[in-house]
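Each chain, letter by letter, is given below.
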Amino acid sequence: METTIQSIIANLNDVLTNENFVGIGSTRKAFKYKQFVIKKYVHEIGYLQTKNEAAIYEILLTRDLAAHVAPILYVDKHLMIQPFYEQLPLCNNSSYDLDLQEEKRLTVDLKEVLSIINQELDGFDFRDGGNYGLDDKGNLILIDYGMTKTLYENKWVPLAEAGILPQIAFERCQSCGIEKEIRTYGKEDLDRRCVACGKE
Ligand SMILES: Nc1ncnc2c1ncn2[C@@H]1O[C@H](COP(=O)(O)OP(=O)(O)OP(=O)(O)O)[C@@H](O)[C@H]1O
Ligand SMILES: [Mg+2]
Ligand SMILES: [Zn+2]
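Residues numbered from 1 in each chain as written. Chains lettered and ligands numbered in written order. Predicted model: local features only at pLDDT ≥ 70, side-chain atom pairs only at ≥ 80, totals over all residues.

A. Structural detail: the overall build of the protein. Helix and strand counts for the protein stand at five helices and 10 strands. Compactness check: the protein gives a C-alpha radius of gyration of 17 Å against a globular reference of 16 Å for 200 residues, within 12% of the reference. Along the longest, intermediate and shortest principal axes, the C-alpha atoms of the protein span 45 × 45 × 30 Å. The burial tally for the protein puts 27% of its 200 residues in the buried class. Long-range pairs, those at least 24 residues apart, make up 52% of the contacts in the protein between residues at least 6 apart in sequence. (Helix = DSSP H or I, 4+ residues; strand = E, 2+ residues; numbered from the N terminus. Rg over C-alpha atoms; globule rule 2.2 N^0.38 Å. Buried ≥ 20, exposed ≤ 12 C-beta atoms within 10 Å, placed from the backbone. Contact = placed C-beta atoms within 7 Å.)

Next up, the structure:
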């Protein structure tokens, strides 16, 4: 039977499992199910990011540029669904900044998209390799494009400073000893374990 968005929504208990987990950002947790990614918000800002993405996606559609960003197939207040894209290889278990000048997998059209989002649509921060996937031709696809400058300054930064959203740094996990992305919540947080070792 073909998997549909409705069948995913009707069976979330089977979909949002540890086995299907594929990644976590500061505000959304991603699960792979068949050809889809389901992103569950871990904070309200995740929902605001998704709403920005949906609006940006519509604008890119009118300019014939939407093929270079992940489409938003379904949105509600708790999660969103988009296609799964092959992830970029990690370096030392961590995503890394892309050199967008040198990047061969960045198409001319995606460059145009980045400049529109950056200059006209209040978006930013396109170097993080964790925000891209690869399409079936091996070209980069932007999968995380809803964090605007306004949202970042007005909501994200104050919450990160208050320890409610994680600050992400590259450090040695005090449990497994591997250099990884370590998330800390405010200055008081001394738990320097990676997510795989149980950091909530
Ligand atoms: N469409 C997708 N296909 C494959 N993997 C994905 C997809 N969307 C997200 N991921 C994985 O899940 C992770 C978290 O998703 P995403 O970056 O959208 O969350 P976020 O909370 O918005 O992140 P950030 O902290 O960068 O704002 C990504 O870094 C990536 O590893
Ligand atoms: Mg991200
Ligand atoms: Zn660890």
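Structure shown, so let's carry the discussion forward.
B. Expanded view of the sheet that holds strand E6 (residues 86-87). Judged by pairing direction, the sheet is antiparallel, and its three strands sit side by side in the order E6-E7-E8 without closing on themselves. Every other strand in the sheet has two partners, leaving E6 and strand E8 (140-142) as the edge strands with one partner each. With two bridges joining them, E6 and strand E7 (residues 132-134) adopt antiparallel strand pairing. Within E7, the position partnered with Glu 86 by the bridge is Leu 134. (Pairing = 2+ DSSP bridges.)

C. Examining the site of ligand 1 more closely. As a matter of local geometry, ligand 1 sits amid 23 residues, with Gly 23, Gly 25, Ser 26, Ala 30 and Gly 130 nearest to it. Counting residues per element, the shell around ligand 1 draws most heavily on strand E1 (residues 21-24), at three residues. Of the residues in the shell around ligand 1, the class split is nine nonpolar, 11 polar and three charged. (Near = placed C-beta within 6 Å. Nonpolar A, V, L, I, M, F, W, Y, C, P; charged D, E, K, R; others polar.)

D. Quick look at the domain arrangement of the protein. For the protein, the domain assignment lists domain 1 (5-165) and domain 2 (166-200). Distance from the C-alpha centre of domain 1 to the C-alpha centre of domain 2: 22 Å. Taken together, the 10 residues of domain 1 in the interface contact 13 residues of domain 2. Counted by class, the side of domain 1 that touches domain 2 contains five nonpolar, five polar and no charged residues. (Domains from an automatic or database assignment.)

E. Local environment of the pairing of strand E3 (residues 36-41). Judged from the six bridges that link them, strand E2 (residues 28-33) and E3 form a sheet pairing that is antiparallel. Bridging across to E3, Ala 30 finds its partner in Lys 39. Between E2 and E3, which pair antiparallel one after the other, the connecting turn spans two residues, and Lys 34 there sits at a positive phi close to 50°. The pairing of E3 with strand E5 (residues 79-83) spans five bridges and is classified as antiparallel. For Lys 40, the partnering residue across the bridge sits in E5 and is Leu 79.

F. Inspection of the environment of Gly 23 at higher detail. Structurally, Gly 23 can be placed in strand E1. Exposure remark for Gly 23: the 17 C-beta atoms within 10 Å place this residue in the partly exposed category. A C-alpha to C-alpha distance of 9.2 Å links Gly 23 and Lys 39, two positions 16 residues apart in sequence.

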